Amino acid sequence: MTEAAGRVGAVTAAVARQVRELRAARGWSFEELAGRSGVSKAMLVQIENARTNPSVGTLCRVADAFGVNIARLLEPDEERAVKITTAAEAPVLWQGEHGGTAHLLSGLGEPDLVELWDWRLEPGEAHRSADHSRGTREVVHVLTGTVVVRVDGQDHTVQAGETIEFHADREHGYRNDTDEPAKLMMVVVIPSGEWDRRTRSRRPRQD
């Protein structure tokens, strides 16, 4: 097994364990979690049995339903005053067709949920994201290159050294239309609480 395959397997196993434990703690059936998250029951069964490597969009929906961030799905909460991790330890949760990547560098769970991402988009690559839970915001800072950020059907060109902030509770995405790679840092801020996509409502998270 290659090192990359080993990392993917570790992420898949961690997500399976966390989803299973979070669902059991709430007493939810697969049907209930499917309704809340908008992820099919069949996919949830695959996730809990570590038989699939879910997309970042699927992870977002499942995390929103539980009222946690994606980082919580990858590892248990740890009570540490200081935590240092290397870039090599950050899981790759998206891979583009030409070699682009999205690394989840860190995630905070209280009071609001915060995620720190490192993205690289190769020429011609794009990532489309469905709407996140209500009140979610994203801040994207382009380090190198140029990125087109599409929010609610409108394109915004963001160049190196520029920062864009937007409401992410609507369809959005990022693409690289140039001939050069683009690198960006992203912060995602998600209001706390379990999100139910059926009713578009939020309630306090169960610990």
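For the structure itself, consult the block above.
The following paragraphs examine the structure supplied in this document. This one's a predicted model, so the numbers in the text were calculated from it and none came from an experiment.

**Things to note about the pattern of salt bridges**
Counted under the stated rule, the structure contains 18 salt bridges. Ionic pairing is found between Arg-120 and Glu-122, a salt bridge with its closest N-O pair at 2.8 Å. Note on Arg-120: relative accessible area 34%, which makes it partly exposed. A relative accessible area of 14% means that Glu-122 is categorised as buried. Across the salt bridge formed by Glu-165 and Arg-137, the nearest N and O atoms sit 2.5 Å from each other. Of this pair, Glu-165 sits in strand S8 (residues 163-167) while Arg-137 sits in strand S5 (residues 137-144); the two residues are 28 residues apart in sequence, bridging distant segments of the chain. Judged by its relative accessible area of 28%, Arg-137 is partly exposed. Beyond isolated ion pairs, a larger network of salt bridges with shared partners links Glu-32, Arg-36, Asp-196 and Arg-198.

**Some details on the side chain of His-127**
Summarising the element assignment, His-127 is placed in strand S4 (residues 126-129). His-127 sits in the buried class, given a relative accessible area of 12%. Of the polar contacts made by the side chain of His-127, one reaches the side chain of Trp-94; its length is 3.5 Å. His-127 has contacts with Val-56, Trp-94, Trp-119, Gly-173 and Tyr-174, leaving out every residue within four places of it along the chain.

**A look at the sheet that holds strand S2 (residues 101-108)**
Read across the sheet, six strands follow the order S1-S2-S3-S10-S5-S8 without closing on themselves; strand pairing throughout is antiparallel. At either end of the open sheet lies a strand with only one pairing partner, and these are strand S1 (92-95) and S8. In this sheet, adjacent strand axes meet at a mean angle of 20° when their direction is disregarded.

**A closer look at unusual backbone geometry**
Here the phi dihedral of Asp-152 falls at roughly 55°; this positive angle occurs in a residue that is not glycine. Structurally, Asp-152 is set in the loop between strand S6 (146-151) and strand S7 (154-159). Since its relative accessible area comes to 55%, Asp-152 is described here as exposed. Residue Arg-200 is not a glycine yet carries a positive backbone phi of 55°. Position of Arg-200 relative to the elements: it lies in the loop between strand S11 (194-196) and strand S12 (201-203). Residue classification places Arg-200 among the partly exposed residues on the basis of a relative accessible area of 37%.

**Details of helix H3 (residues 41-48)**
Buried residues of H3: Leu-44, Ile-47 and Glu-48, and no others. Each buried residue of H3 lies within a common arc of 90° when the element is viewed along its axis, so the set occupies one face. Looking at the residues trailing H3, positive phi occurs at Ala-50, about 55°.

**What about helix H4 (residues 56-66)?**
A large share of H4 lies buried, amounting to nine of its 11 residues. Of the positions making up H4, those classed as buried are Val-56, Thr-58, Leu-59, Cys-60, Val-62, Ala-63, Asp-64, Ala-65 and Phe-66. The positive-phi residue at the C-terminal boundary of H4 is Gly-67, with phi of around 75°.

**Some words on the pairing of S5**
Strand direction decides the pairing type here: S5 and S8, joined by five bridges, are antiparallel. Within the sheet, the bridge partner assigned to Val-140 lies in S8 and is Ile-164.

**Quick look at the packing of aromatic side chains**
Counted under the stated rule, the structure contains four aromatic pairs. When the centroid spacing of 5.5 Å and the interplanar angle of 10° are considered together, the rings of Trp-28 and Phe-66 count as stacked. One end of the pair, Trp-28, is in the loop between helix H1 (3-26) and helix H2 (30-37); the other, Phe-66, is in helix H4, and 38 residues separate them in sequence. For Phe-66, a relative accessible area of 0% puts it in the buried group. With a centroid separation of 5.5 Å and 55° between ring planes, the pair formed by Trp-119 and Tyr-174 is classed as tilted. With Trp-119 in strand S3 (residues 113-121) and Tyr-174 in strand S9 (residues 172-175), this pair connects stretches of sequence that are 55 residues apart.

What counts and what doesn't
Residues numbered from 1 in each chain as written. Predicted model: local features only at pLDDT ≥ 70, side-chain atom pairs only at ≥ 80, totals over all residues. Heavy atoms only, no water. Salt bridge = Lys/Arg side-chain N within 4 Å of Asp/Glu carboxyl O. Buried < 20%, exposed > 50% of the residue type's maximum accessible area, 1.4 Å probe, protein only. Helix = DSSP H or I, 4+ residues; strand = E, 2+ residues; numbered from the N terminus. Polar contact = N/O pair within 3.5 Å; in protein donor to acceptor, adjacent residues only side chain to side chain. Contact = heavy atoms within 4.5 Å. Pairing = 2+ DSSP bridges. Axes fitted to C-alpha atoms, helices over the stretch in contact; angles between N-to-C directions. Arc of directions from axis to C-beta. Phe/Tyr/Trp six-rings, centres within 6.5 Å; stacked < 30°, edge-to-face > 60°.

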